[in-house]
Amino acid sequence: MYLIKSPLLLKWYYPSLLWNKSRTEKVIYLTFDDGPIPNVTDFVLKTLKVFNAKATFFCIGDNIVKHPEVFERVKNDGHAIGNHTFNHLKGWKTDDETYLQNTLKCQELTQTNLFRPPYGRIKKSQVRSLESVVWSPESGSKLKTTNAQLQIVMWDVLSGDFDINLAPEKCYQNVIKHTENGSIIVFHDSLKAFDRLTYALPKVLAYFTEKGFAFATL
């Protein structure tokens, strides 16, 4: 069971997390979780290029290590990079120190100020821990500060492309029915999502391009 549109209650419970951007501008924010992997991420990059669209890729550290050439292609195409932990950990079932260290292991590779919790599941204690991290690429280490530097990014539209029982057309409809100005939309550049992704992503890009929207990085 999952919700396509993030409920207001969750946004209230986690007020420091980023759920959407400004509602005043015709800009939407496509995000892709779980890559980078060959073929699937390459498909996404080619499709985005057709529409001159930019996006944000929340990468798993282990996949970066396995497929560094795909990771470099994402960066070279001008897309933003986010941290998605090294091993796709579920925060609710992971102790805080393990979660932090796994995230920092991925951070050494991504060197970003954006983080998305896998499954969207994260404890408040983990939020506090991650928001206290400042990454210093020059020194290759983390520093502690009272100012939040790592932005935890959620979403307000979930495509459902990871659901193997979801029809590709329904995946597309999920996005176009619930997206508005400033929406952060979740797709997955994963093998599990590929059938729905290949159908829905080009149609979503075409639909919102025709309506005058821009696609930007976070």
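First things first, this report covers the structure right here in the doc. (Residues numbered from 1 in each chain as written. Predicted model: local features only at pLDDT ≥ 70, side-chain atom pairs only at ≥ 80, totals over all residues. Heavy atoms only, no water.)

**Points about the pattern of salt bridges**
The criterion, for reference: Any Lys or Arg side-chain nitrogen found within 4 Å of a carboxyl oxygen on Asp or Glu counts as a salt bridge. Helical segments are the DSSP runs of H or I of at least four residues, strand segments are the runs of E of at least two, and each set is numbered from the N terminus. Exposure is judged per residue with a 1.4 Å probe applied to protein chains only, and the accessible area is read against the type maximum: over 50% gives exposed, under 20% gives buried, and values in between give partly exposed.
What the rule picks out here adds up to 10 salt bridges. Two residues, Asp33 and Arg116, come together in a salt bridge whose shortest N-O distance is 2.8 Å. With a gap of 83 residues between them, Asp33 in strand S1 (residues 27–33) and Arg116 in the loop between strand S4 (114–115) and helix H6 (124–131) connect regions that are remote in the sequence. With respect to class, Asp33 is no different from Arg116; both count as buried. A salt bridge links Lys75 to Glu72, with the shortest nitrogen-to-oxygen separation between them at 3.1 Å. Taken together, the positions of Lys75 and Glu72, both in helix H4 (residues 68–76) and three residues apart, correspond to about one turn of that helix. Owing to a relative accessible area of 36%, Lys75 belongs among the partly exposed residues under this scheme. Residue classification places Glu72 among the partly exposed residues on the basis of a relative accessible area of 35%. A single network of salt bridges, built from pairs that share partners, joins Lys5, Arg23, Asp156 and Glu180.

**Some thoughts on the nonpolar core**
In summary, soluble globular proteins display a tendency toward joint burial of nonpolar side chains. Operational definition: Working definition of a nonpolar core: buried Ala, Val, Leu, Ile, Met, Phe, Trp, Tyr and Cys residues. They are joined through side-chain atoms within 4.5 Å. Throughout, a residue-residue contact means that at least one pair of heavy atoms, one from each residue, lies within 4.5 Å.
In terms of nonpolar packing, the biggest core is built from 32 residues, with Leu30, Phe32, Leu48, Phe57, Phe187, Leu201 and Phe208 touching the most fellow members. Those elements that provide at least two residues to this core are S1, helix H2 (40–50), strand S2 (56–59), H4, helix H7 (168–178), strand S9 (184–188) and helix H8 (194–210). With six residues, H8 is the single largest residue contributor to this core. With residues up to four places along the chain from it excluded, the contact list for Phe32 reads Val44, Leu48, Ala55, Thr56, Phe57, Phe58, Phe187, Asp189, Leu197 and Leu201.

**Details of the packing of H2 against H8**
Rules: Each axis is a line fitted through C-alpha atoms, taken for helices only over the stretch in contact, and angles between the N-to-C directions span 0 to 180 degrees. When describing relative orientation, an angle under 35 degrees is termed roughly parallel and one over 145 degrees roughly antiparallel, while 65 to 115 degrees is termed roughly perpendicular and anything else oblique. Under the convention adopted here, Pro, Cys and the residues Ala, Val, Leu, Ile, Met, Phe, Trp and Tyr are nonpolar, Asp, Glu, Lys and Arg are charged, and Gly plus all remaining residues are polar.
Close contact between H2 and H8 brings their axes to 10 Å; oriented N to C, the two are set at 10°. Considering the angle they form, H2 stands roughly parallel to H8. When H2 is examined against H8, the residues Val40, Phe43, Val44, Thr47 and Leu48 are found in contact with a partner set consisting of Phe194, Leu197, Thr198, Leu201, Pro202 and Leu205. Across the contact of H2 with H8, the residue classes tally to nine nonpolar, two polar and no charged.

**Examining the side chain of Asn174**
Basically, it comes down to this: For this analysis, a polar contact is any N or O atom pair within 3.5 Å, provided that within protein one partner can donate a hydrogen and the other can accept it, and provided that sequence-adjacent residues contribute only side-chain to side-chain pairs.
Structurally, Asn174 is set in helix H7. The exposure class of Asn174 is buried, given its relative accessible area of 4%. A distance of 3.0 Å separates the side chain of Asn174 from the backbone oxygen of Ser159, its partner in a polar contact. Setting aside chain neighbours within four positions, we find Asn174 in contact with Ile4, Val157, Leu158, Ser159 and Leu166.

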